[in-house]
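Analysis of the macromolecular model
Chain by chain, the residues:
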Amino acid sequence: MTQTPASPAPLHWKVVIDANNPHAQADFWAAALRYEVEDNSALIEKLLGFGAVPEELTVEFHGRRAFRDLVAVRHPEDPFEEESGTGLGRRLLFQRVPEAKTVKNRLHLDLHSGEGRREEEVARLEELGARVLRRVAEQGGEWVVMADPEGNEFCVQ
């Protein structure tokens, strides 16, 4: 079998997370990761002006128009499209779904707080609305398993 040369990594990516309240989740994760909530209001106004999107698919969020069922957060240093506000780097996209989370995540984020800062970071995340599920101390390391405001698990290393 012939192998082709490795392609460069994608310029940008997003992890899509189901949510009952995507805007509240975006606020939590933007604060947790020190990311920014994307501002898609210019794109939305343009789509509304063309009649491509009905007004009932939008809401006011942080004093500007946003999509009702989708909102993303992005790393503040990553590039983004000026016209749409869409990030071109590391992003989390929260999409509204009708059902609540019922089982363990198949995917989760690990947050690395830095040497000696785990408990400080856990406390900060609790203030933002996360809760500690359990503390793990194994031969391979220690971490804290937490849940975001909708119950999605993540770990703090």
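Scope of this entry: the structure provided in the associated data block.

Conventions and cut-offs
Residues numbered from 1 in each chain as written. Predicted model: local features only at pLDDT ≥ 70, side-chain atom pairs only at ≥ 80, totals over all residues. Heavy atoms only, no water. Pairing = 2+ DSSP bridges. Helix = DSSP H or I, 4+ residues; strand = E, 2+ residues; numbered from the N terminus. Axes fitted to C-alpha atoms, helices over the stretch in contact; angles between N-to-C directions. Contact = heavy atoms within 4.5 Å. Core = buried A, V, L, I, M, F, W, Y, C linked by side-chain atoms within 4.5 Å. Buried < 20%, exposed > 50% of the residue type's maximum accessible area, 1.4 Å probe, protein only.

1. Brief notes about the sheet that holds strand 7 (residues 109–111)
In spatial order, the strands read 7-10-9-8; together these four strands make up an open sheet with mixed pairing. A single partner strand is all that each edge strand has here, and the edge strands are strand 7 and strand 8 (131–138). Strand-to-strand twist of the sheet, defined as the mean angle between neighbouring strand axes without regard to direction, takes the value 25°. Judged from the four bridges that link them, strand 9 (residues 141–147) and strand 10 (residues 153–156) form a sheet pairing that is antiparallel. Along strand 10, the bridge assignment pairs Val 145 with Cys 155. Packed on one face of the sheet, helix 3 (residues 118–128) meets strand 7, strand 8, strand 9 and strand 10 and runs near 0° to strand 9.

2. A look at the nonpolar core
Ranked by internal contacts, the top residues of the largest apolar core, which has 23 residues, are Trp 29, Val 73, Phe 94, Leu 125, Met 146 and Phe 154. Going through the elements one at a time, strand 1 (13–19), helix 1 (22–33), strand 5 (70–74), strand 6 (90–96), helix 3, strand 9 and strand 10 are the ones with two or more residues in this core. With residues near it in sequence (within four places) discarded, Val 73 still touches Ala 26, Ala 30, Tyr 35, Glu 36, Val 37, Glu 38, Arg 90, Arg 91, Leu 92 and Phe 94.

3. Let's talk about the sheet that holds strand 6
Hydrogen bonding along the main chain pairs the strands of a sheet, whether they run parallel or antiparallel. Read from one edge of the open sheet, four strands run 1-6-5-2, paired in mixed fashion. Edge positions in the open sheet fall to strand 1 and strand 2 (36–37), since each of these has one partner strand only. With seven bridges connecting them, strand 1 and strand 6 associate as parallel partners. Bridging from a neighbouring strand, Val 16 pairs with Leu 93 of strand 6. Strand contacts of helix 1: strand 1, strand 2, strand 5 and strand 6, with the helix running at about 160° to strand 6, the strand carrying the most contacts.

4. Some thoughts on unusual backbone geometry
Look at Arg 34: it is not a glycine, yet its phi comes out positive at around 60°. Relative to the helices and strands, Arg 34 is located in the loop between helix 1 and strand 2. Of note, His 62 is a non-glycine position whose phi angle comes to about 55°, a positive value. Looking at the element boundaries, His 62 is found in the loop between strand 3 (58–61) and strand 4 (64–67). Since its relative accessible area comes to 48%, His 62 is described here as partly exposed.

5. Considering the pairing of strand 4
Bridging between strand 3 and strand 4 involves four bridges; their strand directions are antiparallel. Within the sheet, the bridge partner assigned to Glu 60 lies in strand 4 and is Arg 65.

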